[in-house]
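If you want the building blocks of each chain, they are given just below.
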Amino acid sequence: QRWGALRTPDSFSSEQWQSPTALTTALAPPGTGLHSSRSEGIPALISNMASVKSMTSTTTTTTTRTIISEQSAESGITKVKKVTQVTKVSSEEGVEQVRRKSSVTQQTLNVVTHSFEIPPGESIPEFDEKPNSTGVPEGKDAIFKAKVSGNPKPTITWKRASGKPIREGAKIFFDSITKENVLKLDNIIPEDEDAYKCIASNVHADCTYVISLTVTENPDKQLNFRTMLKKRSTPALKEERKIPTEKEMWEILMKVDKKDYEKICMQHGFTDFRGLLKRLKEMKKKVETESVIVLKPLEDMEGKVDSTVTFETVMELKDPNIKMQWFKDGDPIRTQFSLGKFEIKQVGTKFMLSVKNLTQKDSGQYTLQVGDKKFTVKLNVKDEPLRFGVKLKPLKVVERQTGTFECSLSKNVPNVCWRFRGVEVKRDDKHDIIVSADGLTHTLKIKDVRPCDVGEYSFSAGDQISTSVLQIDRLPIQFPNALKNVCVKEKGKARLECEVSSKNVRIKWLKNGKVITRSPKYNMMQEGRRVELIIDDAELDDGGEYTVVATQDSDGREYTCSSTLNVVDRFATVKSGMTDIHAQSGQPTEFCVVLNDEKVDGVWLKDGKEITDTSNIQIVKQGAVHKLIINNVDDGSEGKYTFKAKGAESEATLSIADPPIIDADILAALARDPITVKAGHTATIKIPFKGKPIPKITWSKDGIEVFEDNRTQIEKSATQTVLVLNNCVREDSGIVTLKLKSDCGSASANLQLNVIDRPKPPHGTVEFLEHTGKCISMKWKAPRDNGGKPVTSYIIERKLIGKKSWIKVGEVDGNTTNCSTNKVDEGKAYQYRIRAVNSEGMSDPLDSDEVFAGEPIESPDMPSQPQVTDVTKDAITITWTPPVKDGGAPVLGYMVERRKKGSNHWIPATKEPIQDTKFTADGLLEDMEYEFRVTAINRAGIGQPSTASNSVVAKDPIRAPGKVKDIKVTDSTNSSISLTWVKPESGDEPHGYILEIRPADAKEWTKCSKIPITSTNYTVGGLQERGKYFFRIRAVNEGGVGEPTELNKGAYALPPPASPRFLDTRMPSSMVVRAGAALCINAGFSGSPSPNVIWLRDGAPTKGRETITKGPNMSQFLISSAQRSDSGIYKILLKNDYGEKSHDIRIRVADFPRPPTNLHLTEEVPNTVTLTWDHTPDNIEDGRVQYVIMKRDASTATWYTVTDRVFGNKFTVTGLLPGRKYFFRVIARNDIGDSDPLDLKEPWFVARDKEHFNLQFKEYQQKDWAHAPVFITPLKDHTVHRGNDCTMSCALTGNPRPHIKWYKGKLHISENLKYWYTSSNGVCTLTIPTAEMGDADEYTILAENSLGKVKGSCKVIVNEKGVTLMQHSLGEKPRKSKHIM
């Protein structure tokens, strides 16, 4: 290694030179890695001994200069320490061998802040892992790594401190696995030596970390000190080396390769090499028997908070299954409970322990125990320290004054807390908390200080706490290890322990705030600072809050620490529970419960109340069996019994089972004495009984069960039942039965119930025996129900028909059922009613029908409606006709009444009846509207009034309007006609118009509206389409109706004339329909009158399988299953009287093509074959068929496609091998798919040239194969139907390969996209898809190369299939739109 930077301390003595360890420590410069721990020992130094030995013959001079500079800025401070070393090494000849200047900037950190206040949750950049300065030999690689955190995420920049750019080729990247920013310099050169900056920046600060790179010379270029020492005459320093002992030499040689044993012994001056080698082998064998060989020991680690450190060691284990365990501070590490804190890994012989998210608690000793060996290292966790600038100071305050605590922090932290005696202090009326604007100074003011405020105050920020006291006498007692909550099972041992800060304290224990003393239950111990409370056989009531109270002399305060003791119940389960019991009175019974735990006690409850032993009840516990014994069951024994234990419960019911019994005396009394009650009163029947459980109670009357309703209530209890009948009626009479029934038996009781009431009405109807003008006789039947009492009499009453009052006309005794009366008026109608009477009252009446005394006379009918015959401003004359029926007596006169319109009050117009049927009412008010009615009068009285007359205004008469002028039709539709007119010029102003209509085939006029039309125009709707109508109109006002004006001629219900037109302007011009699918063409149109629709196919009317649907404005052409024969040009023709319109649609029905036929092969050119075939029939019908040519060598089963776009029926296959047999097939293809193949039945043989010849080698003469183009197969004329494809082809040869051009007439079409052309192996093809009439012409092919050119031409004729195409005549292109169905 390079020793140019070696510094020899003045204090290094000759004795230290004799110690290899001291020598290594003193001579190894910082960063060289030569400082070794004691665990490495002497063997780690031996590899450098040769270099140390050779240095004794050289002179080394080192000059060191250290410059420390400090720069201050507004927002940051930078400290830089620059060390410059110049080392000179000279040989004995005085020649300077090495001169090297090393200028290194040690590691520094500079922070420049930008934000005066950092929001919560954000931070400045921080270096979690800082890059380290390093020294690298020339030609090696230098790597700097840094791990940075911050919010927002910082950006990382690398720079050189000298201002020079970082050498080109340096790699700067972010390692996503280790989360490190890396600067890598490859093949270091001396010019790379410099200080390097790692700059981490975000919006809050720029953090710059400076490290240095030292470039040392390559070991190959270092001086050979051994050679230099040999040339020295006098050594500069002579040292007597200590020859190691045999034991020391063994340890040295055990660490090196066998081949270096002899060299190492010579270097150390050890001569007994062979004997040492023999003993060394024995020692190695002994070492091999060791179970663990440490190749790389564990090392002490340092880490930062929230970072990750990894302990690594490399060991060889003789037993791979040896037990290994990691410990922290003596406690085993269990990764499964660490929540990802610790991770233990093994990679080969490398064993690792990773500690993640470091905190200060992670500092300590970590031990790896392998078998019986332990390896211990330390972990030191560092953090950016938070310091107090000014801590809290003791404070003594006068009572009732304000006390102020103040402290300052070195940095602003978000979570700070003031506490008094451990309780957080918040801002309130008592305390005032103040924070300075920069967040560094914190102040707590305690207002109105009282004795209770004296104590310890603390301020915590992060992990820093500053504590002070108010009016301090001595330090308060603290609890380093506080009480912890404890949970034990019942009858277990509970242990509460804590540690106090002082030994000289007095301790007392509280349970739930009450002092407890030493007793057999509570064992209190105090040993030094350790305080303990032990509770043996803990019971449930031992649970609660336990507090240890510590006091000390000269301090009136008590210091407490509390925890909770939770005693868990010992639960049991029921193995056998109780069941319900039905017992008779006076008999014994018992309940039994079996638990699964004999130690669990329980309690017995009856109806929720605990049971204890009595003379009648015994509680027995036999191990896990618990019994409740009842000696004598009585009424008090009934109830719900419950057994409760901890975790177990069982319950059952005890009920008495006695049959129901009704007392015999009561039964005899009920049978002997019936119950009688008046109607409307309440009947109460109460029957007592005995029986348990309470029997089912059922009441019935005459065998029918009685249920509760509005009149009936049934009361039930354990000893009696009551039937209450409210408002009794006669129907309630009968035999009442009570039935009692339970599981233990049944009982019943019968009684007679009588309800007395007034009688029912007489039975049947009233029969009239005589009804004359002087006498009326009648009879009736006695009532069916006399109400339980005999009928004493009957009362007869009557009334006149039309009257409401009844008059008593007679009364007969209860045995008489007929009556006669002569108090009648002839001709009048009467109605009679009869009532039966007993001791309880009078029955409801029996009403008779209407009866007349002699022949009947009625009042007359109503006269006719009065008609107004004359009107003036003060009188109105009306007339009417007599009533049709006079009621059997002549009309004596008429009564006339009037009223104002809108009023309900009629006023008589005369005082006496009028004999005439005409009357003039005078004394009327002018312009007032009146109504009149008339009533006829005869001997029977006043008849019904007539209907009111039409209202009439009392004023002088108005003239009727004149004739309406200029009536005419303004518009018409299929169902309406609109008219206008001009109001008349003569007569008074009209109030409206009466428009009348008459169809041409009718004679009567009909009003167009129910009320007069107020405007001078009107639209008559609801007319029949194309119907002819006549109209006339009259003006009307109060004076009457004017003369009619008739329309001069009839009008038709038709819209205005219009020629036909199609509604859809984008109707398709062509459609493709797959065979078997539906062909459906819809057309919407308009026209007036509605046009006739004609469908044509190829110029002729359609007929056959189609279905044509026609409507007023639409038509549909439908073929449910299209066939190929349905292809063609379809035309829809619209015609009416004002024109016609048509539209053509080209329909092509497509299907899988049928295969071609008649495949023939010819060989026109050697090694080629020309295929010809007959077109598929679909080519003629469809015109969109192309052919696929395939070939197959007879020796294989695989088909190969030669070409797939052949539009003609001829193709030449080239490239065939002589002597081979080939099969060929042709497939037709269209838009739908492929046809079945047309295969060659026999293989085609390509013959070899079998001519025998003698091989004579002649001088090779290169042949000129170049020639002008020549046609092998010329073009032929073609005739094609319009709409089909036309394909023309020819074969030619030429060398160089000729250039092909196609012409239509004189127009060059090679670049026209309409035409498809190919040229392959001398075969040229041109296809005209969907030939039109305009494609008929002469087509020319021109083949040209450098040696000449050749032309060929043919004619193409296009036929129309004998029809005229509308698209061609109109200039439309059928391929403009395409619809596929």
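Look above for the structure.
Scope of this entry: the structure provided in the associated data block.

Calculation criteria
Residues numbered from 1 in each chain as written. Predicted model: local features only at pLDDT ≥ 70, side-chain atom pairs only at ≥ 80, totals over all residues. Heavy atoms only, no water. Pairing = 2+ DSSP bridges. Helix = DSSP H or I, 4+ residues; strand = E, 2+ residues; numbered from the N terminus. Axes fitted to C-alpha atoms, helices over the stretch in contact; angles between N-to-C directions. Patch = residues over 30% accessible without salt bridge, like charges linked within 9 Å, V, L, I, M, F, W, Y side chains within 5 Å. Areas by Shrake-Rupley, 256 points an atom, 1.4 Å probe, with all protein chains shown as cover. Salt bridge = Lys/Arg side-chain N within 4 Å of Asp/Glu carboxyl O. Lys, Arg positive; Asp, Glu negative; His and termini not counted. Charge placed at Lys NZ, Arg CZ, Asp CG, Glu CD. Buried < 20%, exposed > 50% of the residue type's maximum accessible area, 1.4 Å probe, protein only. Phe/Tyr/Trp six-rings, centres within 6.5 Å; stacked < 30°, edge-to-face > 60°. Core = buried A, V, L, I, M, F, W, Y, C linked by side-chain atoms within 4.5 Å. Contact = heavy atoms within 4.5 Å.

## Some points on the sheet that holds strand β53 (residues 712-716)
- With antiparallel pairing, 3 strands are arranged side by side in an open sheet as β49-β54-β53. Two strands bound the open sheet, and with one partner strand each, they are β49 (683-688) and β53. Adjacent strand axes in the sheet meet at a mean angle of 10° when their direction is disregarded.
- By the bridge criterion, 5 bridges tie β53 to strand β54 (residues 720-725) in an arrangement that is antiparallel. The residue bridging Glu 715 from the neighbouring strand is Val 722, located in β54.

## Some thoughts on the sheet that holds strand β7 (residues 142-151)
- The strand order across the open sheet formed by 4 strands is β5-β7-β10-β9, and the pairing between neighbours is antiparallel. Edge positions in the sheet fall to β5 (123-129) and β9 (171-175), since each has one partner strand and no second. The average undirected angle you get between the axes of adjacent strands in this sheet is 30°.

## Digging into a positive patch on the surface
- Taken together, the side chains of Lys 489, Lys 491, Arg 570 and Lys 599 define a basic patch exposed on the protein surface.
- Tracing the chain through its elements places Lys 491 in the loop between β30 (486-489) and β31 (494-499).
- Of the residues examined, Lys 491 reaches a relative accessible area of 43% and is grouped as partly exposed.

## Remarks on the pattern of salt bridges
- According to the stated counting rule, one finds 45 salt bridges in the structure shown.
- Between Glu 532 and Arg 530 there is a salt bridge, and its shortest N-O distance comes to 3.0 Å.
- One network of salt bridges, with partners in common, ties together Arg 495, Glu 497, Arg 530 and Glu 532.

## Comments concerning the packing of aromatic side chains
- According to the stated counting rule, one finds 19 aromatic pairs in the structure shown.
- Each ring, one from Trp 1095 and one from Phe 1117, has its centre 5.2 Å from the other, and the planes form 35°; the classification is tilted. Here Phe 1117 lies in strand β89 (residues 1114-1119) and Trp 1095 lies in strand β86 (residues 1092-1097), a separation of 22 residues in the sequence. Comparing Trp 1095 with Phe 1117 shows no difference in burial state: the two are buried.
- Clustering of aromatic rings is evident, with ring pairs tying together Phe 388, Trp 418 and Phe 459.

## Brief notes about the nonpolar core
- Membership of the largest hydrophobic core comes to 25 residues, with the highest contact counts inside it found for Phe 479, Trp 509, Leu 533, Ile 535, Tyr 546, Val 548 and Leu 565.
- Looking at this core, the elements that each hand over two or more residues are β30, β31, β34 (522-527), β35 (530-535), β36 (544-552) and β37 (555-568).
- A per-element tally of this core places β37 first, with 4 residues.
- Setting aside residues up to four positions removed in sequence, Val 548 forms contacts with Phe 479, Leu 483, Cys 498, Ile 507, Lys 508, Trp 509, Val 531, Tyr 559, Thr 560 and Cys 561.

Functional significance is not addressed by these values, which are geometric in nature.
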